[in-house]
Amino acid sequence: MDKIVSLCKRRGFVYPGSDIYGGLANTFDFGPLGVELANNIKKSWWKNFVQDRSDMYGLDGGILMNPKIWEASGHTQGFIDTLVECKKCHKRFRTDQVDSKKCPECGGEFTEAKKFVPMFKTFVGPVEDSASVVYLRPETAQAIFVNFKNIIDSFHPVLPFGIAQIGKAFRNEITLGNFIFRKLEFEQMEIEYFVEEKNWEKYFKEWKKEIEKWVIDLGIGKKNIRWREHNKEELAHYSKHTEDIEYDFPFGGFKELYGLAYRTDYDLKNHSEKSGKDLRYIDLKTNEKFFPHVIEPSFGMERTMLAIFSEAYYEEEIKGVKRVVLKLNPAVAPIKVAVFPLLANKPNLIKKAKEIYDGLKKEFFITWDDRGNIGKRYYAQDEAGTPFCVTVDFETLEKDDVTVRERDSMKQERIKIKELAVYLEEKLNG
Ligand code: ATP
């Protein structure tokens, strides 16, 4: 894990938050490569779960919403964590995240458990009183429920159908560590899938398959994931049945990657009661009015990223060359191709390489490097997870071809410049 954290900082994937001021626990910033990776994960998710399906509607709801929403959803009363404090070092832990009765940091004894609501509060307007309290959303789901009727009115969907959203969620997490696994602000990729009550088990099973397929397609090994059912005590206040897909993270083994919850008709029913607006669905064939039941696949973007890093990180030695390499699936790799002139002080090489760079840049997200020697440039691109490096050398000037080096096999091939874009396109997207 330390090696992943250090590579992430070195190569501009993830920086500790507010670092020059001593940091702020459980916050992180994404650097240039981190933003690309995050966007690629979200793009893949959105394409797979929204655009490629005909039963899905997208949404981008607000982070700040009327606080009555959090009362109706049960969060102000039911979204509760319990914490213990070490009497010796005064560190705080969530009780469900410590295995023993002693502090894992110093062995000290814990205080009695106290309850707290992990939602961040802020105020709307100039007066900071209870009438102006609003919460930063702890999940994206509620924006979906409160827009349910809007989507029905605009699009008249027929059950089963889903509403999907990607966006920030905020939780006042007190357990420290484990890098981006647990952040104060993180991105959720959530779906509320509306079904008839009698069909919930069927769709729950289908969603398990859909989730598994997407993670495996991203490059996560099947052997490193497993499903775990929540017991009664663990179930969230809104859920009747929840299963987590867990990933075997490099710290502490299998931990929650995503949750899949059967939320029943809890949310729509409560919002209907509390808002006074009828959120029932009308079956146009039978004219029956009822609250659909909900299956909720809830994905964390950062946990996806951490699982991807854990899968892709390799230290290896091939033909005497030692290297660290991120074997990222090209679909999520931040940089697809790096272009190098063999030498930085030869104008004719630079000119040719620039032409190739400008041509490829229209097709892919690529980078340029002319610092140091070729070996160092390969080393840097391997750590960044760049699938292909293209080198322009003296032979290029005579034969109009370049050396293309593939990241994982380190194999090099000569490819004609006029065939280069198609060659890379096939390899990257093929
Ligand atoms: P945990 O028990 O680990 O705190 P949770 O069960 O509270 O997680 P959910 O409420 O099911 O999490 O949230 C759905 C998903 O959002 C999680 O599966 C995870 O991928 C992501 N997630 C939740 N909390 C965080 C966080 N603090 N930082 C990063 N991702 C998170």
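(A) Inspection of the environment of Glu192 at higher detail. With respect to the helices and strands, the residue Glu192 is situated in strand S10 (residues 185-195). We classify Glu192 as buried; its relative accessible area is 0%. Counting along the chain gives 70 residues from Glu192 to Tyr262, while the straight-line C-alpha distance between them is 9.7 Å. Not counting the four nearest positions on each side in its chain, Glu192 is found in contact with Ala141, Ile144, Phe145, Phe161, Gly162, Ile163, Arg263, Val294, Ile295 and Glu296.

(B) Region of the structure containing the site of the ligand. Around the ligand there are 15 residues in total, and Glu173, Arg182, Lys183, Glu256 and Leu257 lie nearest to it. Between the ligand and Arg171, the relevant distance is 2.9 Å, taken from an oxygen atom to a side-chain nitrogen or oxygen of the residue. Within the contact set of the ligand, a nitrogen atom lies 2.8 Å away from a side-chain nitrogen or oxygen of Glu173. For the ligand, whose unbound accessible area comes to 600 Å², protein coverage reaches 86%. Tallying contributions element by element places strand S13 (residues 253-264) first for the shell around the ligand, with four residues. Looking at the shell around the ligand residue by residue, the class counts come to four nonpolar, four polar and seven charged.

(C) Geometry of the side chain of Gln165. Residue placement: Gln165 occurs in strand S9 (residues 161-170). The class for Gln165 is buried, based on a relative accessible area of 0%. Looking at Gln165, its side chain comes within polar contact range of the main-chain oxygen of Thr140, at 2.9 Å. Not counting chain neighbours up to four residues away, the residues in contact with Gln165 comprise Trp45, Trp46, Leu59, Asp60, Gly61, Arg137, Thr140, Ala143, Ile144, Gln188, Met189 and Glu190.

Thresholds applied
- Residues numbered from 1 in each chain as written.
- Predicted model: local features only at pLDDT ≥ 70, side-chain atom pairs only at ≥ 80, totals over all residues.
- Heavy atoms only, no water.
- Helix = DSSP H or I, 4+ residues; strand = E, 2+ residues; numbered from the N terminus.
- Buried < 20%, exposed > 50% of the residue type's maximum accessible area, 1.4 Å probe, protein only.
- Contact = heavy atoms within 4.5 Å.
- Near = heavy atom within 4 Å.
- Polar contact = N/O pair within 3.5 Å; in protein donor to acceptor, adjacent residues only side chain to side chain.
- Areas by Shrake-Rupley, 256 points an atom, 1.4 Å probe, with all protein chains shown as cover.
- Nonpolar A, V, L, I, M, F, W, Y, C, P; charged D, E, K, R; others polar.

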